[in-house]
Amino acid sequence: MRNLITKAALTLATAGLLAGGLAVAVPTAALAADGCTQDSTGTLETKDGYAGRIIQLRYNPNSWCAWGRISNGRQGDHIWVDRSTDGGRTWQQLGWTTIAGATSTQRYTEAFYDGGNYVMRACGDAGFNTPITCTGWH
C-alpha cells in the first residue's frame, strides 16, 4: 500500500511540475541498480553449481559494476548477487531473479556498483529447496 501511495504522489508531483514547465528526471531500471550496465564480458569467478548449473560473478572494470549469471539452467532456477561492506560477514542480497521460460538456460541479474568498500559474490540454485552455490567474495 505504501508503494502505491508513493507512486501516486510521484505521478501527481511530476504532472504538476511538467504543467509548470519544469523537466523532471524519472528513475529508470538502470538507476535502481546503481546506474550500472552489463557492458563487459569480464568474469571474476565461475563456480560449478548443483546438477550442472554454472554460477558466474561478472564485472565491468571501467565502471566498478558487477552482476551474476546462471547458465546450463532450467526454468525455476535462481540467480542473485550479495554485496558486503565488511568482507562478507554481513551482506545485502540484490537482483534476485529466476529463469522464467521453459526454453531458457541462462539468466543475468542487474548490475550493481562494487567499487570502494564493497565486495560482491554471485549465488544461485536450481529452484527452491536445492543447494545454493556462491562464488567467493571479490
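Structural data are supplied above this passage.
A brief look at the structure comes next. If you're wondering where the values come from, they're calculated on a predicted model, not measured in any experiment.

### So, the pattern of salt bridges
Applying the stated criterion across every chain, the model contains three salt bridges. Here D34 ties to R83 by a salt bridge, and the two come within 2.6 Å at their closest N and O atoms. Of the two residues, D34 is situated in the loop between α2 (29–32) and β1 (42–48) and R83 in strand β4 (residues 78–84); the sequence distance between them amounts to 49 residues. Overall, D34 belongs to the partly exposed group, its relative accessible area being 37%. The salt bridge partner of D82 is R121, with a shortest N-O separation of 2.9 Å. Taken as a pair, D82 in strand β4 and R121 in strand β8 (residues 119–125) lie far apart in primary sequence, 39 residues in all. In terms of burial, D82 and R121 fall into one category: buried.

### Some details on unusual backbone geometry
Phi at N72 takes a positive value of approximately 60°, unusual for a residue other than glycine. By relative accessible area, N72 is classed as partly exposed at 47%. Backbone geometry places N129, a non-glycine residue, at a positive phi of 65°. Checked against the element boundaries, N129 lands in the loop between β8 and β9 (133–134).

So, how was this worked out
Residues numbered from 1 in each chain as written. Predicted model: local features only at pLDDT ≥ 70, side-chain atom pairs only at ≥ 80, totals over all residues. Heavy atoms only, no water. Salt bridge = Lys/Arg side-chain N within 4 Å of Asp/Glu carboxyl O. Helix = DSSP H or I, 4+ residues; strand = E, 2+ residues; numbered from the N terminus. Buried < 20%, exposed > 50% of the residue type's maximum accessible area, 1.4 Å probe, protein only.

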